[in-house]
Amino acid sequence: MSLTAAEAAKLAQGTLRGDAGLKLQGAAPLEKAGPSDLAFLADPSFAGAAAASKAGCLLAPAGSEELLAAFKGTVVFTKNPKYAFMLALRRFEADLRPAPERGRHPTAVIYPSAKIGADSHVGPGAVVEEGAYIAPGASIGAQCYIGRNARVGMGSRLYPGVKVMDACEIGSGCIIHAGTVIGSDGYGYVSPRGRHEKIPQIGKVVVEDDVEIGANCAIDRAALEVTLIGAGTKIDNLVHVAHNVRIGRNCLIMAQAAIAGSTEVGDNAIIGGQAGISDHVKIGENSAVMAGTGIMSDLAPGQVVFGHIGRPRLQAMKIEALLSKLPEMHRALSKIKKQLGI
Amino acid sequence: MSLTAAEAAKLAQGTLRGDAGLKLQGAAPLEKAGPSDLAFLADPSFAGAAAASKAGCLLAPAGSEELLAAFKGTVVFTKNPKYAFMLALRRFEADLRPAPERGRHPTAVIYPSAKIGADSHVGPGAVVEEGAYIAPGASIGAQCYIGRNARVGMGSRLYPGVKVMDACEIGSGCIIHAGTVIGSDGYGYVSPRGRHEKIPQIGKVVVEDDVEIGANCAIDRAALEVTLIGAGTKIDNLVHVAHNVRIGRNCLIMAQAAIAGSTEVGDNAIIGGQAGISDHVKIGENSAVMAGTGIMSDLAPGQVVFGHIGRPRLQAMKIEALLSKLPEMHRALSKIKKQLGI
Amino acid sequence: MSLTAAEAAKLAQGTLRGDAGLKLQGAAPLEKAGPSDLAFLADPSFAGAAAASKAGCLLAPAGSEELLAAFKGTVVFTKNPKYAFMLALRRFEADLRPAPERGRHPTAVIYPSAKIGADSHVGPGAVVEEGAYIAPGASIGAQCYIGRNARVGMGSRLYPGVKVMDACEIGSGCIIHAGTVIGSDGYGYVSPRGRHEKIPQIGKVVVEDDVEIGANCAIDRAALEVTLIGAGTKIDNLVHVAHNVRIGRNCLIMAQAAIAGSTEVGDNAIIGGQAGISDHVKIGENSAVMAGTGIMSDLAPGQVVFGHIGRPRLQAMKIEALLSKLPEMHRALSKIKKQLGI
C-alpha cells in the first residue's frame, strides 16, 4: 500500500508543492495524520489548523497557497480536495481490502441450471439456485443465497450472508452489505373472518445499477409487480422497504428508515435516519425528510420536512421552540383569565 | 402457470359472464392488466375505471352487473372479489414460487439425535443440532440454524438464514422470513458495582401455529419462562420482541416496531410500524397503536392511539392541528399581555 | 441440572433457614415457583406475596426474617437476593445451555493463514478468512463469517451467523448474538456532480472486552480509523452504530437505537430503545437518553432527556402534560380575544 505525492497530485489534477517522491502509506484526518499520511483540508478557513498538521502530504483548495505558507509538508493544491482524497482512498482500498479472488469455492452449492459469468467469485458456503444468473465480474460472498431465477449484474458485490430471493434482480455495479434480504414477502393479508389469510406475494424486487444497500436491511418483493430501487440510490443499514414501493434515482435513505407499501419516492430525495413514511404516499423529487420524521401524506418536490408528523422545517423548528414556552404560556393564560374573571 | 376463467369462477364461488375457457397466465392491478391477466374490482364505485380495463378476466362484486355492462372481457361476479383474487394468486404462486423439494441436501449438517419428519426439506448448508425436531412437511431453508432441542412444527417454512436457537418452538403452518433470529438472549443485567453482569437467559420462545414473521427480526428468549407469539399473529420485517413478552392471537405487528420486556399485547391488537412499547405494559385486545407511537403505560382494550407519547387518536390529531397554531397563539398572548399590562 | 439449598446459600454468602439438602431443579418467578424451584424476593415490602409462594427455596433480603415467618419453604437470607439469584442461574445455565464443544467442525472453511487458538470452537459452515485470529477458548458459532485479518478475543462467543468483517477486532469475554454484522462499510459519499460516489471505508471496528451485542445489529467500520465500542458496554437487538462512532465503557444501548456518524457517547451512558442520535454529537458520561428520544446537539454529562427532540426529562414531561391542555388553551384564547375585541 503506497502512493507517491506525485501520484496523488495526478489523481487530484492539482499542483504539487514539495516532495514529489514522498511515499504515502495511509490516510488520516488532518489532526491525526503523521509524516507518511495523506490528509485533506476541505475549507481554507481551517488553514490555521492545517498549518500545524504533521501530515506528510496535504490536499488543499487551490487558492490557499499563502494561507498554507507555514505548512512544512508537501501540499497538492486542487479544485476539490475532498474528492481528490476519495480518489486516493480508492488506491489504498485496493491494497487494504482487495476484492475476493475469482472462482467458485468448492463448498459453494451451485445448482445445475444456474449460470455463473466469467471472472466472478462465489464464496464458501454460498448457494445459487436453479436458473439464477451471476453476471461476469460479480462477487457473491461467503454464505450468500441467490434464489431461483434471481439475477446479479456485472461487477456487483454481495457481502457475506446476503439473500437475494427468487426472481429478484440486482443491477450492475451494486454493493450489498452483509445480512441484507432482498425479496422477502410483502406484508399483505385479507381478514374476512377475523383470521388473517396471507395474500401470496408473486412480484419481485428490481435493484437498478450502482445502488448500495447497507447491512441487515429488508426489502420486500411486490405483491404482483415490482418493488423498485432506482439507479444510484444509496441505502444505509437496517432499512425497511415494503412491497410495491418505488424509489427513484440517486436517493439517500439513511439507517432504520422505513417506507411502507406502494409509496413512491422521487429522484434525489433524502430520507433521514429512523424516518417513517406511510403507505401509498408520494414523496416529491429533491425533497428531504429529516431524521425521525413521520410522513402520512404526499410531499411536494423540493420540500424539507421535520417532526413526529412532518411539517416544513422552519415551521417545525418554530413549533419546537414554542413548546419550550408552553409552561409560560399556560401560566400567562391563567393569570389573564383570572384578571378578566373568565 | 395457467388458470381458466371457469376455474377462477369456481374458486370465487361466483357467476361467470363471458369466455369460460379463457386461459389466464397472470394477475395484475386493474389498470395494468392485459388480455391474459386476472384482475379484481373491490368497490363498485370504481366500475368506470374497471370498464376501461384491458384485463382478460375481472373479479367483481355481485350486484355490479349493470355497472360493468361496458366491460368487454370476462367477468366473475362474487361476494368478495379481493378474497377470490387471493385464492387465485395461491394457484399462480404454486407455479411461480414452488416450495422446495423434499429431502435433505447433502451439505446440510444434521446431528445424530435430531429427528427429521417425513416429507420435510432441509436445504443446503442448514444446521440442525442435537435433539432438534423438524416435523413432517416442514421446510428448513438453506443456511438455516436449528438449535439444540428446538422444534419446528408441521408444514412450517423457514426461509434461508433463519436461526431458531436452542429449546425454542415454532408451531405448525408458520412462515419465517430470511435472516430472522428466534431465541437470542434477553437483555438483562445486574449492576451492583457499576459493571453490568449478565443475567443468564434460560427461558425460551414459543411461536404458536399460523404465525408469519418477516425478515431480519429479533425475538428474544425469556429470562426464565416463555416469550410467546400467539397463534395467527403476523409480524413484519425488522421487529424487536424482548424477553418475556406475550403477544396474543391474530395480532398485526408492523415493520420496525419494538416491544420491550414482559409487555403483554392482547388478541387482535395492531401495532403500527416503528411503534415502541415500554416494558411491563399491557396493551388491551383489539386496540391499535398507530405508526411511530410510543406507549409508556397500559392501554385499555379497543383503544386507538397515536403520538410520540400515545394519546387517543382524535385527541392526538386535535393537538397536532393546534401545534400549527402555536405561533399564532403565542403572538396573541403577547398582544393580550401588553394590552392588559401584564 | 441441580443445585442444593446449601449450595445456593453458599453462592449467596447468606444464612439458610430450612432444608439445606433440598434439591432445586429450576428457577422461576415468586408467584409461579414450585417446590423444586428457586425464587427470589427483591424487596421486603412484597414479603406478604412471598409468604404465599410455593417456591422450594427463596432468596430473601437479610433482615426480612420475621416478615417471612409464615413462609413454609427454605429461605436463604442474603444482602442482594437478585444478585444471588443471578449467580444461581449461571449454574442452571451451564446445564441447560452448555457452550459448544471444542474443536473445528469438518464443514468449517478455515483458510491456511488463519490462526485458531486452543480450546476454541468453530462451528459447522463457519468461514475464517486468511490472517484471521481466533483466540483460545473463543467460540465461533455455526455459519459465522470471520473476515481477513479479523480478530476474536479469548473466551468470546459468537452465535450463529455473526459476521466480523475484515480487520475488525473483538475483545475478550464478548458475546455477539446471531445475525449481527460488525464492520459493514460506513455510509459516506461525495456527490460533486449529483451522482453519489462512494468514499472507501478503510478503517475498522474495535469492540473492547466484555461487550455484549444483540441480534441483527449493524456496526459500521470507520472511514479511516476506528469505530469503538468501549469495554463492558451492552447493546440490544437491531441497533445501528455508524462509522467513526466512539461509545464509552459500561454503556447500555437498547433495541433499535441508532447512533449516527462520528458521535461520541460517554462512559456509563444509557441510550433507550429507538432513540436516535445525530452525527458529530457528544453525549456526556452518565447521561440517559430515554426511549424514542431524538438528540441533535451535545448533551452534558449526567443529563436525563426525553422527547422527539430531547429536552430535560422534567421539562419534557411538563410539556407533554400541557399538550393535553392545548385545546382548552386555544378555546380560552379565543374567548379572551373576543372579550378584548382583538
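**Topic: the overall build of chain A**
What chain A contains, in helices and strands, is 5 helices and 40 strands. Compactness check: chain A gives a C-alpha radius of gyration of 26 Å against a globular reference of 20 Å for 342 residues, more than 25% above the reference. Dimensions of chain A, computed from the C-alpha atoms along their principal axes, are close to 80 × 75 × 30 Å. Looking at chain A as a whole, 59% of its 342 residues qualify as buried. Taking the intrachain contacts of chain A between residues at least 6 apart in sequence as the baseline, contacts between residues at least 24 apart amount to 18%. In the structure as shown, chain A presents an accessible area of about 13,000 Å², 53% of it carried by carbon and sulfur atoms. For chain A, the distance from the average position of its 35 positive side-chain charges to the average position of its 31 negative side-chain charges is 6 Å.

**Quick word on the interface of chain A and chain B**
Contact with chain A, which involves 65 residues of that partner, is made by 64 residues of chain B. Regarding the contact of chain A and chain B, the summed buried area is about 5,300 Å², with carbon and sulfur atoms giving 63% of it. For the pair chain A and chain B, the interface holds 5 salt bridges. With a shortest N-O distance of 2.7 Å, Lys198 of chain A and Glu212 of chain B are connected by a salt bridge. Where chain A touches chain B, the interface holds 30 residue pairs in polar contact (both at pLDDT 80 or more). When residues of the side of chain A that touches chain B are traced back to their parent elements, those giving at least two are strand E21 (181-184), strand E22 (189-193), strand E23 (195-198), strand E26 (218-220), helix H4 (313-323) and helix H5 (326-340) of chain A. Here the side of chain A that touches chain B gets 8 residues from one element, more than from any other, and that element is H5 of chain A. In the side of chain A that touches chain B, the residues fall into 34 nonpolar, 16 polar and 15 charged.

**Some remarks on the packing of H5 of chain A against helix H5 (residues 326-340) of chain B**
The N-to-C vectors of H5 of chain A and H5 of chain B enclose an angle of 45°; their axes lie 11 Å apart at closest approach. If you check the angle between H5 of chain A and H5 of chain B, you find them oblique. In the packing of H5 of chain A onto H5 of chain B, the handedness of the crossing is left-handed. Along the contact surface, H5 of chain A presents Leu326, Met329, Ala332, Leu333, Ile336, Gln339 and Leu340 of chain A, while H5 of chain B presents Leu326, Met329, His330, Leu333, Ile336, Lys337 and Leu340 of chain B. Tallied by class, the residues present in the contact of H5 of chain A with H5 of chain B amount to 11 nonpolar, 2 polar and 1 charged.

**Observations regarding the sheet that holds strand E5 (residues 37-40) of chain C**
All names here are of chain C. Strand order in the open sheet formed by 5 strands is E2-E7-E6-E5-E4, with mixed pairing between adjacent strands. Each edge of the sheet is formed by a strand with only one pairing partner; in this case those strands are strand E2 (15-17) and strand E4 (26-27). The pairing of strand E6 (residues 57-61) with strand E7 (residues 74-78) spans 5 bridges and is classified as parallel. When the bridges of E7 are listed, Cys57 appears paired with Thr74. Where helix H1 (residues 5-12) meets the sheet, it contacts E2, E6 and E7, and its direction lies at approximately 10° from that of E7. Strand contacts of helix H3 (residues 81-96): E4, E5, E6 and E7, with the helix running at about 155° to E5, the strand carrying the most contacts.

**Remarks on the confidence of the model for chain A**
Of all residues in chain A, 100% have pLDDT values of 70 or greater, and the mean over the chain is 96. Confidence metrics for the complex model read pTM 0.97 and ipTM 0.96.

**A short note on unusual backbone geometry**
A positive phi angle, close to 65°, is found at Gln256 of chain A, a residue other than glycine. In this structure, Gln256 of chain A sits in the loop between strand E31 (252-253) and strand E32 (258-259). If you check the backbone angles, Ala167 of chain B has positive phi at about 75° while not being a glycine. Tracing the sequence through the fold places Ala167 of chain B in the loop between strand E18 (163-164) and strand E19 (169-170).

**Side note on the relation of the copies chain A and chain B**
Superposition of chain A onto chain B requires a rotation of 120° combined with a translation of 0.0 Å along the rotation axis, giving an RMSD of 0.0 Å. One copy is carried onto the other by what is essentially a three-fold rotation axis. Of all interface residues in chain A, a mere 20% are interface residues in chain B too; the two copies therefore contact each other through different surfaces.

**Here's the deal with the pattern of salt bridges**
Should their charged atoms come close, side chains of opposite charge can pair. For the structure on display, the rule yields 36 salt bridges over all chains. Several salt bridges share partner residues, and in doing so they unite Arg97 and Glu212 of chain A together with Asp166, Asp185, Lys198 and Arg221 of chain C into one network.

Parameters and conventions
Residues numbered from 1 in each chain as written. Chains lettered and ligands numbered in written order. Predicted model: local features only at pLDDT ≥ 70, side-chain atom pairs only at ≥ 80, totals over all residues. Heavy atoms only, no water. Helix = DSSP H or I, 4+ residues; strand = E, 2+ residues; numbered from the N terminus. Rg over C-alpha atoms; globule rule 2.2 N^0.38 Å. Buried < 20%, exposed > 50% of the residue type's maximum accessible area, 1.4 Å probe, protein only. Contact = heavy atoms within 4.5 Å. Areas by Shrake-Rupley, 256 points an atom, 1.4 Å probe, with all protein chains shown as cover. Lys, Arg positive; Asp, Glu negative; His and termini not counted. Charge placed at Lys NZ, Arg CZ, Asp CG, Glu CD. Buried area = accessible area lost by both parts, 1.4 Å probe. Salt bridge = Lys/Arg side-chain N within 4 Å of Asp/Glu carboxyl O. Polar contact = N/O pair within 3.5 Å; in protein donor to acceptor, adjacent residues only side chain to side chain. Nonpolar A, V, L, I, M, F, W, Y, C, P; charged D, E, K, R; others polar. Axes fitted to C-alpha atoms, helices over the stretch in contact; angles between N-to-C directions. Parallel < 35°, antiparallel > 145°, perpendicular 65-115°, else oblique. Left-handed = near helix turned anticlockwise from the far one by under 90°. Pairing = 2+ DSSP bridges. pLDDT = per-residue confidence, 0-100. Least-squares fit on C-alpha atoms with pLDDT ≥ 70 in both.

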